Amino acid sequence: MSVICVIGTGYVGLVTGTCLADMGNQVTCVDIVPEKIERLKQGVLPIYEPGLKELVERNVRADRLRFTTSYAEGLKDSEFIFIAVNTPPDNTAGGADMRYVESAARNIAEELDHYAIIINKSTVPVGSGDFVSRVVRNNLQRPDVRFSVVSNPEFLAEGSAVRDCQNPDRIVLGSSEPEAAQKVAHLYLPLRAPIVVTDLYTAEMVKYASNAFLATKISFINEIAQICERLGADVKEVAVGMGYDRRIGSGMLGAGLGYGGSCFPKDVRALAHMADEAGLHPQMLHAVMEINHDQRRLVVAKLTNILGSLRGCTIGLLGLAFKANTDDMREAPSVDIIRWVTAQGAVVRAYDPVAMETGRFSLEQEGVRLDAVTFCETAYEVAENADAVVVVTDWNEFKSLNMQQIRDSMRRPVLVDGRNIYEPAEMNHLGFIYRGIGRGTNPAPTVLPPEDTTSEVVEQETLSTGDEN
Ligand code: UDX
């Protein structure tokens, strides 16, 4: 059993702290926001994450997991101090805002009165381990106190965070002090995962390179999807055929609206930024970002291809969150799509199984016209009198809808499946004018409008129920 302090109760901090407690350690989570800590003490979680609430409750009951706003309380007797605060994008072209990491390091330095290993879990620019060391050293109240810094990037994905944390593919540890890294490795031994021990810079780079590679797979399959659509192939089956090759793997080959969320967009941008700053021009990373941006425009282009002008149209949106099983709206495609279709004079009806509150909040924050958006209680309500329905998030709930009922309640039966959750033949059979992403059994070229989507664009397609996808 080890005594652990986790700074930050966001996604990474709360999940890591809870999982470490569940492994039998004594964990105190510290957050500077009093309301958040108060709510956590009452069992109210700041995020929606399957399985997390039960795990928190179990470990709080067993008195292995505590919450506090006090660094002094959190640091008391702690052998390991995890920094898991967020590093939002800063105002530069892709840099990371290190102010929360810096203030966590300062606060640690002010309270630390014994040797501890400070472990950085936040995604930080390569070289930040040294930065944390420097901030702690310069602010120590007791200059005789020793400490070590270890980088331990987190790879958990939202929606499967608890499972990812308890069954990681690997643990990566980086430090200039191998003994400190070995002590952290010991903490993770019960998880029986491969442990890679390396230097600080390399560990930090593993995180960026991993996320950038996964984002590249997504943009790659989205480019293949466009080619499939033109040439009459089905990208979903292409991905299955590719995925069996162990060198490729089946993950991240889902063509659709592209990646969103708190990690991929920010990390690809940050890595490109670091490379740019170093005088390089990372061509592939820039192409990955460009393709990802275009995927969202493509969906709007598909709508205008079929409906012509969107002025006066009602567009139904199934899903608001950036992906299923989360209420997270960060960099969600829904925001851009709503912005663009309302700019063209459409109104929107939207529903998400859990992201209604966060969805409304982010649309407001992003300056989207809320008077053009109706928030519905069910997916069926979204479809009522709609001219088109767009699948934005791949929630399981949407896969088992009564599509006949959806079709019957629409004004025009246009279904744009931005996540490829339905089968084209079935939807065509039900009478939908169905468009997936890259599911071209009968090529229907889609032309992207110019960047300014406020113009009413693109060649008019006939409102036939042909079998093109
Ligand atoms: C990701 C990484 O998976 C995780 O390892 C890292 O720690 C944080 O970033 P997350 O953002 O939670 O996790 O979600 P993930 O499931 O990886 O999906 C990211 C985005 O890619 C989502 O917008 C998702 O819709 C999209 N995606 C995913 C695709 O478009 N196609 C796919 O095949 C898979």
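With an unreviewed UniProt entry as reference, the protein chain is termed UDP-glucose 6-dehydrogenase, source organism Reticulibacter mediterranei. Reading the Sequence similarities (unreviewed entry) entry of the UniProt record for the protein chain gives the comment "Belongs to the UDP-glucose/GDP-mannose dehydrogenase family."

Turning our eyes to something else, we now look at the environment of Val 382. Looking at where Val 382 falls in the secondary structure, it is placed in helix α15 (residues 379-383). By the C-beta count within 10 Å, which is 27 here, Val 382 ends up buried. Along the backbone, Val 382 and Val 348 are 34 residues apart, and their C-alpha atoms lie at a distance of 8.6 Å. Excluding residues that lie within four positions of it along the chain, Val 382 makes contacts with Gly 316, Leu 317, Leu 318, Arg 349, Ala 350, Tyr 351, Cys 376 and Val 389.

The next subject is the site of the ligand. With respect to spatial proximity, 20 residues lie near the ligand, and among them Ala 157, Gly 254, Tyr 259, Gly 261 and Cys 263 are the closest. If you tally residues by element for the shell around the ligand, the top one is helix α9 (residues 200-231), at three residues.

This paragraph deals with the UniProt feature "binding site: substrate" (unreviewed entry) in the protein chain. Here, UniProt's "binding site: substrate" (unreviewed entry) annotation points to Phe 155, Leu 156, Ala 157, Glu 158, Lys 207, Gly 260 and Lys 323. Residue position: Gly 260 is located in the loop between α10 (235-243) and α11 (264-277). Judged by the 24 C-beta atoms lying within 10 Å of it, Gly 260 is buried. Sequence-distant contacts of Gly 260, defined by excluding residues within four places in its chain, comprise Pro 265, Phe 322, Glu 331, Ala 332 and Pro 333.

Turning our eyes to something else, we now look at the packing of helix α12 (residues 283-307) against helix α13 (residues 333-343). Running from N to C, α12 and α13 point in directions that differ by 40°, and their axes come no closer than 9 Å. In terms of axis orientation, α12 runs oblique to α13. For the crossing formed where α12 meets α13, the hand is right-handed. Residue-level inspection shows Arg 296, Val 299, Val 300 and Leu 303 of α12 in contact with α13, the latter providing Pro 333, Asp 336, Ile 337, Trp 340 and Val 341. For the contact of α12 with α13, a count of residues per class yields seven nonpolar, no polar and two charged.

So, on to the UniProt feature "binding site: NAD(+)" (unreviewed entry) in the protein chain. Within this numbering scheme, the UniProt entry marks Asp 31, Lys 36, Thr 87, Thr 123, Glu 158, Lys 266 and Arg 330 as carrying the feature "binding site: NAD(+)" (unreviewed entry). Taking the farthest pair of C-alpha atoms as the criterion, the annotated set spanning 300 residues is dispersed, since that pair is 24.8 Å apart. Its location among the elements puts Lys 36 in helix α2 (residues 34-41). Ignoring sequence-local partners within four residues, the contact set of Lys 36 consists of Thr 9, Asp 31 and Pro 46. Locating Glu 158 in the fold gives a position in the loop between β6 (147-151) and α7 (161-166). Residues contacting Glu 158, with those up to four places away along its chain left out, are Tyr 11, Glu 49, Gly 261, Thr 326 and Asp 328.

Domain annotation for the protein chain reports domain 1 (3-198) and domain 2 (221-435). With 13 residues of domain 1 at the interface, the matching set in domain 2 holds 15 residues. Residue composition of the side of domain 1 that touches domain 2, grouped by class: seven nonpolar, five polar and one charged.

Let us now look at α11. Look at α11: 20 Å from first C-alpha to last across 14 residues, which is about the 20 Å you get at 1.5 Å a residue. Of all 14 residues that make up α11, ten are buried, and the element is covered over most of its length. Here α11 has its buried residues at Phe 264, Pro 265, Lys 266, Asp 267, Val 268, Arg 269, Ala 270, Leu 271, Ala 272 and His 273. If you follow the buried residues of α11, they end up packed against α9 and α12. Phi turns positive one or two residues past the end of α11, at Gly 279, with a value near 85°.

This part is about the packing of α9 against α10. Two measures define how a pair of helices packs: the angle their axes make with one another and the distance between the axes. Where α9 meets α10, the axes come as close as 9 Å, and the angle between the chain directions of the two elements is 130°. In terms of orientation, α9 and α10 fall into the oblique class. Judged by the sense of rotation from one axis to the other, the crossing of α9 with α10 is right-handed. Here α9 contributes Ile 221, Ile 224, Ala 225 and Cys 228 to the contact with α10, which in turn contributes Val 235, Val 238 and Ala 239. In terms of residue class, the contact of α9 with α10 is made up of seven nonpolar, no polar and no charged.

How each quantity is defined
Residues numbered from 1 in each chain as written. Predicted model: local features only at pLDDT ≥ 70, side-chain atom pairs only at ≥ 80, totals over all residues. UniProt positions renumbered as here; feature names shortened; annotations may be inferred. Helix = DSSP H or I, 4+ residues; strand = E, 2+ residues; numbered from the N terminus. Buried ≥ 20, exposed ≤ 12 C-beta atoms within 10 Å, placed from the backbone. Contact = placed C-beta atoms within 7 Å. Near = placed C-beta within 6 Å. Axes fitted to C-alpha atoms, helices over the stretch in contact; angles between N-to-C directions. Parallel < 35°, antiparallel > 145°, perpendicular 65-115°, else oblique. Left-handed = near helix turned anticlockwise from the far one by under 90°. Nonpolar A, V, L, I, M, F, W, Y, C, P; charged D, E, K, R; others polar. Domains from an automatic or database assignment. Expected span 1.5 Å × (residues − 1).

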